[in-house]
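# Architecture at a glance
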There are 2 protein chains.
Amino acid sequence: MFKEYQHLRIPGPTPVSPEVQRAMDRTILGHRSGAFSEIFAQTCEKAKYVFQTKEDVFILASTGTGALEAAVANVVEPNDKVLVLVTGVFGERFVKIAKAYGANVMTLKFDLGTTAKPETVKEVLQQNPDIKAVFLTHCETSTAVVNPVEKIGNIVKDTDALLIVDSVSALVGMDLKMDDWDVDIAVTASHKAIGLPPGLALVCVSQKAWKVIEKHKGPKFYFDLLAYRKKIKDRTTPYTGPVSLVYGLSKSLDLIKEEGLENGFKRHQLIRDMVRAAVKALNLELFVQEEEAASCTVTAIKGNNQLDVEQLRKILREDYKVEVAGGQQDLKGKIFRIGHLGYIHPLDILTTISALEMALKQIGYPISLGAGIKAAEEVWCNDKNIG
Amino acid sequence: MFKEYQHLRIPGPTPVSPEVQRAMDRTILGHRSGAFSEIFAQTCEKAKYVFQTKEDVFILASTGTGALEAAVANVVEPNDKVLVLVTGVFGERFVKIAKAYGANVMTLKFDLGTTAKPETVKEVLQQNPDIKAVFLTHCETSTAVVNPVEKIGNIVKDTDALLIVDSVSALVGMDLKMDDWDVDIAVTASHKAIGLPPGLALVCVSQKAWKVIEKHKGPKFYFDLLAYRKKIKDRTTPYTGPVSLVYGLSKSLDLIKEEGLENGFKRHQLIRDMVRAAVKALNLELFVQEEEAASCTVTAIKGNNQLDVEQLRKILREDYKVEVAGGQQDLKGKIFRIGHLGYIHPLDILTTISALEMALKQIGYPISLGAGIKAAEEVWCNDKNIG
């Protein structure tokens, strides 16, 4: 009866709304047909809203990592000096991709669970005026921190360097003002706060970045952004477009517009605050201590002597049908992560918290049943001004 | 974003599982095609399991009321004496239908919120040996009581009367042994514990009932069960079969078999017990006091001076996307009802209780946030033997 039943609470893929699911069920049109071109062009236009930009938004048939590679492959030439701000696994991924393209990579590593420090970035850029690009992870999914994109944008804009932002697990869940914050390349993926299945990525490029890309000579083909720019004028993609995902994206962007980006940000923040309150009430420890460093799309929670996080995840999955993420690399076995982005209502996080309470009780962790729910409901009541 | 989002907690229609939803999405076959006949015949065969019977089960394109009418129209002739056991709105419906067919209707009314009393039924039958049929509502949806079908079956079987049971909101959620309990006609509908959309009803008929039906002379056409019996031998229906609902029913019966009827009954009972515990912990009053009289598919809760049930339902619906039912007829405004049947996991009822807590807080009802969840989680923990 409940084989497919689940509460998907990993930081992507995320649940897909019935509206988006149905939109994707439409008959597959030819990717060069006029009918699909019309949908494609409208969808690209609508995507500008979520990047808060006047620039074109490009649709790639790839996951987020493909889009990260596109950002590197169009900018970095061998021996170019680039600065990667590393706050976890996805910062490291930028390092690996940049090295694969022959870059001279400088890294600034920040303690896991903390954000990149704008003042340090400023110093490094002043000492290294030949840095061609600064790579920043908006939400570092592996630690659940949100980096200060606006502040770093304010520093990078006064240099020749480009600011390249991985907003894969952040965009639509948290604010990113592509134009106002002077971001040069921003990328995201379909299976995060946008609420589609995996397989589609979005890339947005500033005028400052285009000047660099136009001169770029390194090897690239599938991710050549100039090819995408050329083809978008013809309302199409250079290679086969991901037709059904574009249908879904079109509908998803409508739903996001209808809710309003600001309202969506507030919803994600409310849910984060509910989770954090519940975690404390259940005698658990948050991995990201400072509230302003805490992502609104994912929350990381520490294991301890009494709490084997892998055992907890197994019980949540098998007994309660709640799928949460574990830690990655150095944090494997040390934390678990609750994803709360995209198509998620505050009521859904209460369900997750109920399951968490039960699972904690089941492994003998010292909690009071109902305590997490009480704390989370109080946060929601305060948000609604219920006395 | 959340226009379609909801938690449907009325006593039917109920949520439809993704498996069943997808099954219904199949291309519509011709209702007389060999391909559909194959599916139809297999589905009728599988339906015997849920009635716990060796008799044929007939599929009608109608709602539950159509099936109730079929039960009356094939048995009752003008001036026939019938006994209707009335425990609420759906007992009254049997009265109305039987009167529409010219029956001489005797009613035994029991206080709302209590069950029919077998000893009273026994007395009436002894005093009226000419009663042709006894009509009984298995779960009286309007008051949330479950009537003692087995005990009444044990009485009626020793008379010439037929026992006709409306199991619309009970079958699959609570035990009904068609053969072992000597039920003569049992009916149910698709949009209840079977977990399909509305539009399909099931009717099962005993050999004792066929003897009466074969002699029946009253006016009937669409609901003529002899026509259905004739056509089921040809693996089809007398009129157009509800093709997509049959696809869904086939899948739903597979899921029910896979879970096992007994496991499904236990799940429904656990959920009922969770709701009842939460209701008490939230200082609310159950409409059905005795646990053994309380349905496992729906729970009715009283309003009071501090609790306007219609206001509560409005807040649940508008602010929490939880749809619960109100009272009907004499109970309108006096109770609200939480449906918990079909495709519902224990975690889902915790979500409903969370919303109920928040909504009660919102209208100023004196509760402690988390208290309902704590009580419900404790019931679930006990069920799982978690200390």
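Bear in mind the structure is a predicted one, so any value in this text is a computation, not a measurement.

Scanning chain A for helices and strands turns up 13 helices and 14 strands. On C-alpha atoms alone, chain A measures out to a radius of gyration of 21 Å, which is about the 21 Å that the 2.2 N^0.38 rule sets for 387 residues. If you line up chain A on its principal axes, its C-alpha atoms span 60 × 55 × 40 Å. Within chain A, the fraction of its 387 residues that count as buried is 63%.

What follows deals with the side chain of His-345 of chain B. Mapped onto the secondary structure, His-345 of chain B falls in the loop between strand S14 (335-339) and helix H12 (346-362). Apart from residues lying up to four places away in sequence, His-345 of chain B is in contact with Phe-2, Tyr-5, Asp-319 and Lys-321 of chain A together with Ile-271 and Trp-380 of chain B.

Further remarks concern the sheet that holds strand S5 (residues 133-137) of chain B. The pairing of strands in a sheet happens through backbone hydrogen bonds and is either parallel or antiparallel. Residue and element names in this part refer to chain B. Ordered by their spatial adjacency, 7 strands build an open sheet running S2-S10-S9-S8-S5-S3-S4, and the pairing between neighbours is mixed. Edge positions in the sheet fall to strand S2 (57-60) and strand S4 (104-109), since each has one partner strand and no second. Shown here is a sheet whose adjacent strand axes are inclined to one another by a mean of 20°, direction ignored. As judged from the 3 bridges shared by strand S8 (residues 162-166) and strand S9 (residues 185-189), these two strands associate in the parallel manner. Considered in S9, the bridge of Asp-166 is made with Val-187. Packed onto the sheet, helix H6 (residues 149-156) meets strand S3 (81-86), S5 and S8 and runs at close to 160° relative to S8. Against the sheet, helix H8 (residues 225-232) makes contact with S2 and strand S10 (201-205), and its axis sits at roughly 110° relative to S2, the strand it touches most.

This paragraph deals with the pairing of strand S10 (residues 201-205) of chain A. All names here are of chain A. Most of S10 sits out of view: 5 of its 5 residues are buried. Here S10 shows two buried faces, one formed by Ala-201, Val-203 and Val-205 and the other by Leu-202 and Cys-204. In terms of strand pairing, strand S2 (residues 57-60) meets S10 through 4 bridges, oriented antiparallel. Bridge pairing in S10 links Leu-60 to Ala-201. Pairing of strand S9 (residues 185-189) with S10 involves 5 bridges; the strand directions are antiparallel. Paired with Ala-186 across the strands is Cys-204, a residue of S10.

In this section: the nonpolar core. Counting 269 residues, the largest nonpolar core has Leu-85 and Ile-185 of chain A together with Leu-85 and Ile-185 of chain B as its most contacted members. Beyond its immediate stretch of four places on either side in the chain, Ile-185 of chain B contacts Ala-71, Val-75, Leu-163, Ile-164, Val-165, Met-178, Val-203, Cys-204, Val-205, Ala-209 and Ile-213 of chain B.

Glancing now at the relation of the copies chain A and chain B. Note on the copies: chain A fits chain B at an RMSD of 0.0 Å, the axial shift is 0.0 Å, and the rotation between them is 180°. Between the two chains, the operation in question is that of a two-fold axis. Most of the interface of chain A is mirrored in chain B: 100% of its interface residues are interface residues there too.

Taken together, the contacts link 42 residues of chain A with 42 residues of chain B. Taken together, both faces of the contact between chain A and chain B bury some 3,900 Å²; the carbon and sulfur share is 62%. In this assembly, chain A and chain B are joined by 6 salt bridges. For the salt bridge of Arg-22 of chain B with Glu-4 of chain A, the shortest nitrogen-to-oxygen distance reads 2.4 Å. Our count for the chain A to chain B interface comes out at 9 residue pairs in polar contact (both at pLDDT 80 or more). Only helix H1 (18-24), helix H9 (243-259), helix H11 (309-320), helix H12 (346-362) and helix H13 (371-383) of chain A provide two or more residues apiece to the side of chain A that touches chain B. Considering each element in turn, the side of chain A that touches chain B owes the most residues, 10 residues, to H12 of chain A. The residue makeup of the side of chain A that touches chain B, split by class, is 19 nonpolar, 7 polar and 16 charged.

Buried residues of helix H6 (residues 149-156) of chain A: Val-149, Ile-152, Gly-153, Ile-155 and Val-156 of chain A, and no others. For H6 of chain A, the angular spread of the buried residues around the axis is 160°, confining them to a single face.

So, about the packing of aromatic side chains. To describe a pair of aromatic rings, one takes the distance between the centres and the angle between the planes. One pass over the full model with this rule turns up 24 aromatic pairs over all chains. When the centroid spacing of 5.3 Å and the interplanar angle of 20° are considered together, the rings of Phe-2 of chain A and Tyr-343 of chain B count as stacked. A residue pair is termed interchain when its members come from two chains, as with Phe-2 of chain A in the segment before strand S1 (7-9) and Tyr-343 of chain B in the loop between S14 and H12. Neither residue differs from the other here; Phe-2 of chain A and Tyr-343 of chain B are each classed as buried. Taken together, a centroid distance of 6.2 Å and an interplanar angle of 75° make the contact between Tyr-343 of chain A and Tyr-5 of chain B edge-to-face. Of this pair, Tyr-343 of chain A sits in the loop between strand S14 (335-339) and H12 while Tyr-5 of chain B is found in the segment before strand S1 (7-9), placing the two residues in two different chains. For the residue pair Tyr-343 of chain A and Tyr-5 of chain B, the accessibility class agrees, reading buried in each case. Through a chain of ring-to-ring contacts, the aromatic side chains of Phe-221, Tyr-222, Phe-223, Tyr-228 and Tyr-239 of chain A assemble into a single cluster.

Thresholds applied
Residues numbered from 1 in each chain as written. Chains lettered and ligands numbered in written order. Predicted model: local features only at pLDDT ≥ 70, side-chain atom pairs only at ≥ 80, totals over all residues. Heavy atoms only, no water. Helix = DSSP H or I, 4+ residues; strand = E, 2+ residues; numbered from the N terminus. Rg over C-alpha atoms; globule rule 2.2 N^0.38 Å. Buried < 20%, exposed > 50% of the residue type's maximum accessible area, 1.4 Å probe, protein only. Contact = heavy atoms within 4.5 Å. Pairing = 2+ DSSP bridges. Axes fitted to C-alpha atoms, helices over the stretch in contact; angles between N-to-C directions. Core = buried A, V, L, I, M, F, W, Y, C linked by side-chain atoms within 4.5 Å. Least-squares fit on C-alpha atoms with pLDDT ≥ 70 in both. Buried area = accessible area lost by both parts, 1.4 Å probe. Salt bridge = Lys/Arg side-chain N within 4 Å of Asp/Glu carboxyl O. Polar contact = N/O pair within 3.5 Å; in protein donor to acceptor, adjacent residues only side chain to side chain. Nonpolar A, V, L, I, M, F, W, Y, C, P; charged D, E, K, R; others polar. Arc of directions from axis to C-beta. Phe/Tyr/Trp six-rings, centres within 6.5 Å; stacked < 30°, edge-to-face > 60°.

Coordinates in, geometry out; function isn't part of it.
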